[in-house]
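Inside the fold
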Amino acid sequence: MKPRVRTVLALAGVLALGGVIGLITGRVALWLLAALLAYTALQLWKLHRLAEWLGKRNFSDPPSLGGVWDEIVTQVMRLNRRKRYHKQRFLAMLHEVRDSTEALPDGVVLLNARSEIVGLNRMASEMLGLHGRKDIGIRIDNLLRQPEFLGYLAGSDFTSPKVLQTSTAPETWLSLHVLPYGEGQRVLLIRNVTREVRLDAMRKDFVANASHELRSPLTVITGYLEALAGDEQVSEQYAAPIAEMRRQADRMAAIIGDLLVLSRLEAKEGEVDGEAVDIVAMLALLKKDALARSRRPANVTLTIESHSRLLGDEIELHSAFSNLLDNAIKYTPADGSVAMRWWADEAGAHFSVSDTGPGIPAEAIPRLTERFYRVDAGRSRASGGSGLGLAIVKHVLQRHGGRLEIASVEGRGSTFTCHFPQRRHAPPGAGSNTTH
Amino acid sequence: MEATDLSQHISSRFNEDLEAVRANLLAMGGLVEEQLRKGLAALTDADSTLAGEVVRDDAKVNAMEVAIDRECLRILATRSPAAGDLRLVIAVIKAITDLERIGDEARKIANISLHLATLEQPSDRYREVRHLGRLVEHMLRSALDAFARMDVDAALHIAQLDRQVDEEYESIQRQCVTFMMEDPRQIRRMLDLSWAARSLERVGDHATNIGEYVVYLVRGQDIRHRNIAEVETHPGGSAKGGGTAR
């Protein structure tokens, strides 16, 4: 309000001055025009000074122009102060984010849609042997060239990290996890997992070595027990204990055998190479073996709906299928039935074993493939299982890209189904390079 | 670094082609690095499974060389690249040849280790050869990193490492001869070892070549058969076939 009044007053003053001089000299129009021109010139000059000042972008030394011009200068100064304040706040926040990522014990690399490095923290540089900010803009796959990593980055399955050794630090194991976000951007998370990898290797070695070492003393024990059982001189009262000892020794041998199978499965990395395995023949043999047993359910049936073969390892597949069949036979009463089925569809090939046994409680199903897991303590020990059968099945299926599905109703029976993906499935007639 | 800036082409397809060729070269480099690493591990750990893998995977290296070569020819024929782009294509064509040879040397080392694995392992696990191998691996990695980063300084450094490789190779040769004279039963093994060292020395030479292509690519300057000190002090000095600046 005030500056506006002042401007009007100033203009009126100038015009009045011009009018007075005009009246005195008798040339009112001329003097009024002169006064107006002078006023306009002054304002124009001030406008140019303002423009000059704004152009310098140095707001520390504002010109004193008076009137509405001062008002503009003050407003500009205020806007500028506010801008600077916000900028500093954002910068502070940005630094904080950057500093906190620097402090992370894990390496972080931000990648854009073209896999170029957008940002990275110090740990990432250290662990991957990068040159810090100098490497920004370079494609990550040009610097991390391991074929394994390139395959992982180019693929689309980022559910689990890739564990590998880099050439810059051959003794360390790194877990590289790609996490997609936004539109094609990705975060690469790098963790040093040398300790975990070593511990895991130690555990596997230990289990394998321990099982191996236990086997020879056990052989000696079973040998003597066998001799004792056949010895006429041993008094009758020891017959039952010796028979029980033999049974337990056999069970122990079975556990050790399964442990060795498991550690062998674990020692092999990745999926098995494909060799066409004649599943139909294998299942027919399994059925024959099952029928030859003394204690078995009345009905053991096999339904073959496809003559497809499976690309995989014959020994491993046999061990998985026979484990499933063993379980079914063990848990099914003499008047029950066990049904095997082999079929193929557009999803791949499938094998299932159904029984009419006691079934499995729903809460136990997810834990069934754990080692030594017992649904109830008495049951499987009485039947002499090792507690490792389903763990072996799970491992074998993993190595074939397949999965195990367990369905069960308590009191009515269970169905164990092995699903194999289409890439493992060799339809009948296709590919005659069978191993048989 | 004019050559790194591929963003100024009107045709973005052209950019992508050039980027892809560079990425493919480095992917092939990664495969060759792995082959070399596995070959050396097979030698020092007497691991015949690993050696078998190296021998088998050499076909992949060869296939990549052919594919990249074809792609480069396609770019030359259809895009007629100039200046920095032309140098990139030329450098890639040259580098894949060297990489393929390194792959061959890795296969040779694997073959030697297949043979050595049948003999008794020495207690030092071929310490000298292992050291030479690490040095050569480092050279190859630096050369490929320099290609990815367009880093002339790193590329020039590789040639200096090559001198160290030559010295170590000489010393392994002398050592082998000494062992052979001491114990003629060792001649067979020492011959094999000397061949492995020879292969590593060749890998060093090929890595040096790749470093030279990086200098050519970035500076447009041919530094083959020239003194390194001279190149470093007079970067713009007279060069055979040089001066292809924009």
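Here the structure is a predicted model, which is why all the values come from computation and not from measurement.

Remarks on the overall build of chain B
For chain B, the count of helices and strands is seven helices and zero strands. Its helices and strands in sequence order give chain B the pattern α-α-α-α-α-α-α, from N to C terminus. Per-residue burial over chain B gives 46% buried out of 246 residues.

Digging into the overall build of chain A
Looking only at helices and strands, chain A features twelve helices and 13 strands. Scored against the burial criterion, the 436 residues of chain A give a buried share of 22%.

Overview of helix H1 (residues 2–25) of chain A
When the terminal C-alpha atoms of H1(A) are compared, their 34 Å separation across 24 residues agrees well with the 34 Å that a helix rising 1.5 Å per residue should span. Looking one or two places after H1(A), you find Gly26(A), whose phi comes out positive at around 85°.

Quick notes on the nonpolar core
Counting 86 residues, the largest nonpolar core has Met28(B), Leu43(B), Val92(B), Leu140(B), Ala143(B) and Val214(B) as the members making the most contacts within it. Per-element accounting of this core gives the leading share, 14 residues, to helix H6 (residues 187–219) of chain B. Once you skip the residues sitting within four places of it in the chain, Leu140(B) turns out to touch Glu33(B), Leu36(B), Ile102(B), Val203(B) and Ala207(B). By size, the runner-up hydrophobic cluster in this structure holds 39 residues, among which are Met282(A), Ala328(A), Trp342(A) and Ala391(A).

Side note on the interface of chain B and chain A
Bring the parts together and some accessible area is lost; that lost area is often taken as the interface size. Contact residues are listed per partner, giving 15 residues for chain B and eleven residues for chain A. Listed by contribution, the elements that provide at least two residues to the side of chain B that touches chain A are helix H1 (12–45) and helix H4 (127–149) of chain B. Here the side of chain B that touches chain A takes nine residues from H1(B), the largest share from any one element. Grouping the amino acids of the side of chain B that touches chain A by side-chain chemistry returns six nonpolar, two polar and seven charged.

Focus: the sheet that holds strand E11 (residues 403–409) of chain A
Paired through backbone hydrogen bonds, the strands of a sheet run either parallel or antiparallel to each other. Residue and element names in this part refer to chain A. Taking strand neighbours across the sheet as the criterion, the five strands line up as E7-E9-E10-E12-E11 in an open arrangement whose pairing is mixed. Edge strands, defined here as strands with exactly one partner in the open sheet, are strand E7 (299–304) and E11. Taking the axes of each pair of neighbouring strands and ignoring which way they run, one obtains an average angle of 10° across the sheet. Those strands touched by helix H10 (residues 314–331) are strand E9 (337–345), strand E10 (348–355) and strand E12 (413–421), and its axis lies near 20° from that of E10.

What about the environment of Pro241(A)?
Residue and element names in this part refer to chain A. Position of proline 241 among the secondary structure elements: in helix H8 (residues 239–267). Here proline 241 falls in the exposed class, since 10 other C-beta atoms lie within 10 Å of it. Each C-alpha atom of the pair proline 241 and alanine 229 lies 9.9 Å from the other, and the pair is twelve residues apart in sequence.

A closer look at the confidence of the model for chain A
Per-chain confidence: chain A averages 86 in pLDDT, with 96% of residues scoring 70 or above. Across residues 431–436 of chain A the pLDDT falls below 50, and counting only partners more than four positions away or on other chains, this stretch makes eleven contacts in the model.

Notes on the pairing of E11(A)
All names here are of chain A. Where E11 lies against E12, seven bridges are found, and the strand directions are antiparallel. Each bridged residue has a counterpart across the sheet, and for alanine 407 the counterpart in E12 is threonine 415. Joining the antiparallel neighbours E11 and E12 is a turn of three residues, in which glycine 411 adopts a positive phi near 85°.

What about the pairing of strand E4 (residues 173–181) of chain A?
Residues in a regular strand point their side chains to alternate faces of the sheet. Residues and elements named next belong to chain A. Pairing of strand E3 (residues 162–165) with E4 involves four bridges; the strand directions are antiparallel. Note on E4: the bridge partner recorded for lysine 162 is leucine 176. Taken together, E4 and the strand that follows it, strand E5 (residues 185–192), pair antiparallel across an intervening segment of three residues, in which glycine 182 is found at a positive phi of about 55°.

Section: the environment of Thr178(B)
Relative to the helices and strands, Thr178(B) is located in helix H5 (residues 152–182). Taking the C-alpha atoms as reference points, Thr178(B) and Met190(B), twelve residues apart in sequence, are found 9.7 Å from one another.

Looking at the confidence of the model for chain B
Residue and element names in this part refer to chain B. In the predicted model, chain B carries a mean pLDDT of 84, and 85% of its residues have values of at least 70. Taking the mean pLDDT of every element in chain B, the minimum, 61, falls on helix H7 (residues 228–233) and the maximum, 92, on helix H3 (residues 83–116). When the criterion is pLDDT under 50, residues 1–6 qualifies, and its contacts beyond four places in sequence or with other chains add up to 14 contacts.

With respect to unusual backbone geometry
Glycine aside, the phi torsion of most residues is negative, and most peptide linkages are trans. Residue Ser115(A) is not a glycine yet carries a positive backbone phi of 65°. Within the secondary structure, Ser115(A) is located in the loop between strand E1 (107–111) and strand E2 (117–120). Here Ser115(A) falls in the partly exposed class, since 18 other C-beta atoms lie within 10 Å of it. Not every positive phi belongs to a glycine, and Met150(B) is a case in point at roughly 55°. Residue Met150(B) is classed as buried on the basis of its 20 C-beta neighbours within 10 Å.

A short note on H10(A)
Note that an α-helix has 3.6 residues per turn; residues three or four places apart therefore point the same way. For H10(A), built from 18 residues, the straight-helix expectation of 26 Å at 1.5 Å per residue is met to within 8% by its first-to-last C-alpha distance of 26 Å. Of all the residues in H10(A), the buried ones are Glu316(A), Leu317(A), Ala320(A), Phe321(A), Asn323(A), Leu324(A), Leu325(A), Asn327(A), Ala328(A), Ile329(A) and Tyr331(A).

Considering the sheet that holds strand E13 (residues 425–426) of chain A
Residues and elements named next belong to chain A. The strand order across the open sheet built from three strands is E6-E8-E13, with neighbouring strands paired in antiparallel fashion. Edge positions in the sheet fall to strand E6 (276–277) and E13, since each has one partner strand and no second. Pairing analysis gives two bridges linking strand E8 (residues 309–311) to E13, with the strands arranged antiparallel. Its bridge partner being in E13, arginine 309 is matched across the sheet by alanine 426.

Some words on the packing of helix H2 (residues 48–79) of chain B against H3(B)
Residue and element names in this part refer to chain B. Look at H2 against H3: their axes get within 9 Å of each other, and the N-to-C directions meet at 165°. For the element pair H2 / H3, the angle class is roughly antiparallel. Considering the relative orientation of H2 and H3, their crossing is left-handed. Class assignment for the residues of the contact of H2 with H3 results in 15 nonpolar, five polar and five charged.

Each value, and the rule that gives it
Residues numbered from 1 in each chain as written. Chains lettered and ligands numbered in written order. Predicted model: local features only at pLDDT ≥ 70, side-chain atom pairs only at ≥ 80, totals over all residues. Helix = DSSP H or I, 4+ residues; strand = E, 2+ residues; numbered from the N terminus. Buried ≥ 20, exposed ≤ 12 C-beta atoms within 10 Å, placed from the backbone. Expected span 1.5 Å × (residues − 1). Core = buried A, V, L, I, M, F, W, Y, C linked by C-beta atoms within 7 Å. Contact = placed C-beta atoms within 7 Å. Nonpolar A, V, L, I, M, F, W, Y, C, P; charged D, E, K, R; others polar. Pairing = 2+ DSSP bridges. Axes fitted to C-alpha atoms, helices over the stretch in contact; angles between N-to-C directions. pLDDT = per-residue confidence, 0-100. Parallel < 35°, antiparallel > 145°, perpendicular 65-115°, else oblique. Left-handed = near helix turned anticlockwise from the far one by under 90°.

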